[in-house]
Structures are given as C-alpha cells and as structure tokens.
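Okay, here's what each chain looks like letter by letter:
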Amino acid sequence: MTRRKKMVERVTELMDKPQRIRNIGIVAHIDHGKTTLSDNLLAGAGMISEELAGHQLFMDSDAEEQARGITIDASNVSMVHEYGGEEYLINMIDTPGHVDFGGDVTRAMRAVDGAVVVVDAVEGTMPQTETVLRQALKEGVKPVLFINKVDRLINEIKVDSTEMQIRLGRVIDKVNKLIKGMNEKMYNDGWKLDAAKGTVAFGSALYNWAVSVPYMKKSGVNFQEVYDRCRAGEMKALAKSSPLAEVLLDMVVKHLPDPIDAQDRRVHIIWHGDYESEVGKSMINCDPNGPIAMMVTDISFDPHAGEVATGRLFSGTLRRGGEVYISGTAGKSNRLQQVGIFMGPERIEVESLCAGNIAAVTGLRDAIVGSTVTSLMEMTPFESLQHYSEPVMTVA
Ligand code: GDP
C-alpha cells in the first residue's frame, strides 16, 4: 500500500470518531512565527516532506500527486498524530497575518475549538496577540501557549539560563493577565495557562525543537540541557531529542478539547436558538444522527471543482448528493456535490462526514461566508461573525 493510501485510510477512520479530533487554529502577532510553526508541524507529522517545510509550498513531492493535478488549499490542513498509543486527527485552520487578519481570525475561530497562541520570546505579547486572544475567548475557543524564538533569547540576547526562565515566566504571566482581564470565569475554570500542567511549551519553530514540562519528564531532557545545547548551536540534536511537532501536538491532544466536549459549551455562545429543540440538542451533543447544521467559514475557488465552501459541521452527517438549505435564502435547496475533508494540505473526497469535523463541500451555490447550512427547512442561524480589530482594553 502506498504511503498516501495508508494516510487516507487513517484519516477516514479517525473522522468518524469525534473524541479523536482536535480542531485548532494557530494565532499570533505578525512575525512571531505562525507560518514557520505550521509548516514544521505538518512536516513533523509526516504530512509534507521535511525539505519543503519552510518554503510554504505545502506540497508533497510525490510525483503521483503532481501528475494528478491536485489543488492545494493551504488555509486548511490536517494531520494525524499519535499520543498515548492512539491516533488523533488534528485539523488546523490557518489565520493569515495580513492586514485583513481580524476578519480571517474570526472566521477561523468559529470553526475551531482550541488555539495555539504563539508569542515571540524576545518581543513578548503585542497588540495583535491581545486581539487574537480576545477573539478566541469570545468564541469559546480554549488557548494553549507556545513561546517561540527561544533560540534568539539564548544566542542573540545572550541571557543566562536563570534569566531565560524569568523572561519566559513573565510572558506566561502577561498572557494570563490578558485572559483574566478578558474573561475571569474562563480563567478560574481552568483556562489559566500553567507550564507545570503542560499548557505552555517553549522552543524554536525555526530550528524545529520545543520543550514542555510533561515532555521534559518523558524525555529526560531538562531545561539546563536545552539551554546548553542551544547555546552550543546543537540545533539538530535538540530537534531530535525534543521535536517541535511531537511536543506541540502532544499539548494540543492533551489540553485542547475534542468537538463533543467543546460543543457542549460553544453552542451556547455561537447560537441563540432553542437549546431544547432537536437541532439545539443535537449540536450540543455533536450528534451525527441529528439534523445537519454547518457554518460556512470560508469559500475558495478550486479550478477542478469550482467553489468550495469550508466550514464547521456542528450536527448531523453530510452525504454526497444530499439536499440542504441555506438559511435566509427562501427555502431553495442546494445539492451537496462533493463532500471532502483535508489530509495534509490536500482535500480528499468522502461519501459522508459526521458532526465535529471541518468539512469542505461543493454544490452550495447560495452559500456565502457566514451562512448556516442545514437539512431543516427552517433553523435559527448561527450568530454572525463579528470581529474586533482594535484591543478594547489594555491590561498592564
Ligand atoms: P508569521 O508572520 O507569524 O507567520 O511569522 P513567520 O513564520 O513568517 O516568521 C517571521 C520571521 O521569524 C521569519 O524570518 C522566520 O524565519 C523567523 N522565525 C520564526 N520562528 C523563529 C524561531 O524560532 N527562531 C528564530 N531565530 N527566528 C524565527
């Protein structure tokens, strides 16, 4: 069996098991390393070849794929990660850091349940860190923290290992202050970041290594060793003993919620219909047997397939050929042509796809970004997407 076929089998097996899915976004102030991190995660999980990571190609060098003319949508990527002897499907939605970033972050945050907040160890938190964090909390999206560019602290700023730990601690305190100031309830309910618990990782996306307290316990590599190796420029050895993808994805699986856990909370934030109705209950329970309820968060154009609507399926099962309604379009039905899911950066077609997944479908000619797609003739639509481009409040 080819590597690709094996991967298709693994992905399609996992998409029916919501407990094994994590829908995440990576959010950061511009230049803090989001792109470098995403590329290296994908390469580390074996979804693209390592040589291509960092070149933003998101393309498998496999000649077969190139010959088949597969189109790559770099804004949605999925990977399979093994943790504790089980495989997990991690769907990652990109949040581009360009001028229009606010709107993109909002859309992405609607689709996901967890966020990896990336902060540059040298610069610390910046205004966009605050904005993206606020947007995540508004959508009920749980954060974990990755403090990036630690190699710069060590080799450019030349801090000693005590000073490094103090500085890293300060970044964590600052992010915690922001979370507390934005939503004290969430902060008190366990969303406070805590390195000892494993909700914070440190490292270098550029040089492909990271550490977290749980991973240090597992690997036996301690803080001082990491410092000394980085100082000595032994980046390859560090990337081997503390691989970025392994550390980060372990943190994602262990500390970010699966769709069942997340929807129980998030549906009350993003939808204000009747929670006792069939669709309300089905969304809260992430029920694949309930009515279809999906929110479109992105529309892209594929030269082979035409318009592709990507979004989060909160309830029901999408099936190729199925009829759905787009709320607000006067009862006209649309027929689902292709139902797809992401494997690496590639969209693969499936017969059906159940609640909790990020779906990419064609045939929704009346849908726009923000549309509610449902099998019901009538359904209260999801809350519209609102974004806050400026921090409303600053926490010192
Ligand atoms: P984005 O704007 O958040 O997507 O940031 P990029 O991933 O494009 O990174 C911005 C710059 O920082 C690039 O020049 C990267 O090579 C560099 N960079 C990213 N991560 C690291 C790191 O861990 N260490 C160092 N020294 N540079 C990094």
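Residues numbered from 1 in each chain as written. Predicted model: local features only at pLDDT ≥ 70, side-chain atom pairs only at ≥ 80, totals over all residues. Heavy atoms only, no water.

In the nomenclature of an unreviewed UniProt entry, the protein is known as Elongation factor 2 of Methanofollis liminatans DSM 4140. Under the heading Subcellular location (unreviewed entry), UniProt records this for the protein: "Cytoplasm". (UniProt positions renumbered as here; feature names shortened; annotations may be inferred.)

Q: Which parts of the structure should I look at to understand the overall build of the protein?
A: Looking only at helices and strands, the protein features 14 helices and 17 strands. For the protein, the proportion of contacts with a sequence separation of at least 24, taken over those separated by at least 6, is 72%. Summing over all exposed atoms, the protein offers an accessible surface of approximately 16500 Å²; the carbon and sulfur share of this is 49%. (Helix = DSSP H or I, 4+ residues; strand = E, 2+ residues; numbered from the N terminus. Contact = heavy atoms within 4.5 Å. Areas by Shrake-Rupley, 256 points an atom, 1.4 Å probe, with all protein chains shown as cover.)

Q: Sorry, what's going on with the packing of aromatic side chains here?
A: The description of two aromatic rings rests on the distance between their centres and on the angle between their planes. Taken as a whole, this structure holds 3 aromatic pairs when the rule is applied. Ring centres 5.8 Å apart and planes at 85° place the aromatic pair Phe202 and Phe223 in the edge-to-face group. Placement of the pair is Phe202 in strand E6 (residues 200-204) and Phe223 in helix H10 (residues 223-231), with a sequence separation of 21 residues. Of the residues examined, Phe223 reaches a relative accessible area of 15% and is grouped as buried. Measuring from ring centre to ring centre gives 5.8 Å for Trp271 and Tyr275, while their planes differ by 65°; the resulting arrangement is edge-to-face. Look at Trp271 and you get buried, because its relative accessible area is 1%. (Phe/Tyr/Trp six-rings, centres within 6.5 Å; stacked < 30°, edge-to-face > 60°. Buried < 20%, exposed > 50% of the residue type's maximum accessible area, 1.4 Å probe, protein only.)

Q: I'm lost on the pattern of salt bridges in this one. Help?
A: Any two side chains of opposite charge can pair, so long as their charged atoms come close to each other. Following the criterion strictly, the structure yields 19 salt bridges and no others. Residue Glu351 pairs with Arg320 through a salt bridge whose shortest N-O separation is 3.1 Å. Taken together, the residues span a long stretch of sequence, with Glu351 in the loop between strand E14 (346-350) and strand E15 (352-354) and Arg320 in the loop between strand E10 (317-319) and strand E11 (323-326) at a distance of 31 residues. Assessed through its relative accessible area of 53%, Glu351 is described here as exposed. (Salt bridge = Lys/Arg side-chain N within 4 Å of Asp/Glu carboxyl O.)

Q: When you look at the site of the ligand in this model, what are you seeing that I'm missing?
A: Neighbouring the ligand are 15 residues; Asp31, Lys34, Thr35, Thr36 and Asp151 lie closest to it. At 3.0 Å from an oxygen atom of the ligand is found a side-chain nitrogen or oxygen belonging to Lys149. At the level of elements, helix H2 (34-44) and helix H6 (150-155) are the ones that each hand at least two residues to the shell around the ligand. Tallying contributions element by element places H2 first for the shell around the ligand, with 3 residues. (Near = heavy atom within 4 Å. Polar contact = N/O pair within 3.5 Å; in protein donor to acceptor, adjacent residues only side chain to side chain.)

Q: What should I look at first to understand the sheet that holds E11 in this one?
A: The strands making up a sheet associate through hydrogen bonds between their backbones, and the pairing can be parallel or antiparallel. Spatially, the 8 strands line up as an open sheet ordered E12-E11-E17-E8-E9-E16-E13-E14, and their pairing is antiparallel. A strand with exactly one partner marks an edge of an open sheet, and here the two such strands are strand E12 (333-335) and E14. Direction aside, the axes of adjacent strands within the sheet are offset by 40° on average. The pairing of strand E8 (residues 293-302) with strand E17 (residues 372-374) spans 3 bridges and is classified as antiparallel. Residue pairing in the sheet places Met294 in a bridge with Val373 of E17. (Pairing = 2+ DSSP bridges. Axes fitted to C-alpha atoms, helices over the stretch in contact; angles between N-to-C directions.)

Q: Is there a simple way to explain helix H1 (residues 3-14) in this structure?
A: The terminal C-alpha atoms of H1 lie 17 Å apart, and with 12 residues this matches the ideal 16 Å at 1.5 Å per residue to within 8%. Taken together, the buried positions of H1 are Arg4, Met7, Val11 and Leu14. Projected onto a plane normal to the axis of H1, the buried residues spread over an arc of 95° and lie on a single side. The exposed set on the far side of H1, more than 90 degrees from its buried face, consists of Lys5 and Glu13. (Expected span 1.5 Å × (residues − 1). Arc of directions from axis to C-beta.)

Q: Sorry, what's going on with the pairing of E8 here?
A: The side chains of a regular strand alternate between the sheet's two faces. Of all the 10 residues making up E8, 7 are buried; the element is thus mostly covered by neighbouring parts of the structure. Two elements, E8 and strand E9 (residues 306-315), share 9 bridges in a ladder whose sense is antiparallel. What sits directly across from Met294, in E9, is Leu313. The hairpin formed by E8 and E9 contains 3 residues between the paired strands.

Q: Please clarify how the pairing of strand E13 (residues 339-343) should be interpreted in this entry.
A: Taken across its 5 residues, E13 has 5 buried, putting it largely inside the fold. In E13, alternate side chains face the same way, and those of Val339, Ile341 and Met343 on one face and Gly340 and Phe342 on the other are all buried. Here E13 runs beside E14; their pairing, made up of 5 bridges, is antiparallel. Across the sheet, Gly340 pairs through a bridge with Glu349, a residue of E14. A loop of 2 residues connects E13 with E14, the two strands running antiparallel in sequence, and Gly344 in this loop sits at a positive phi of about 60°.

Q: Hey, could you run me through unusual backbone geometry in this one?
A: Leaving glycine out, the prevailing phi sign among residues is negative, and the prevailing peptide bond configuration is trans. In the Ramachandran plot, Lys149 falls in the positive-phi region, its phi being about 60° despite a non-glycine side chain. Given the relative accessible area of 21%, Lys149 is considered partly exposed. One non-glycine residue, Asn208, lies in positive phi territory at about 70°. By the element assignment, Asn208 lies in the loop between E6 and strand E7 (209-211).

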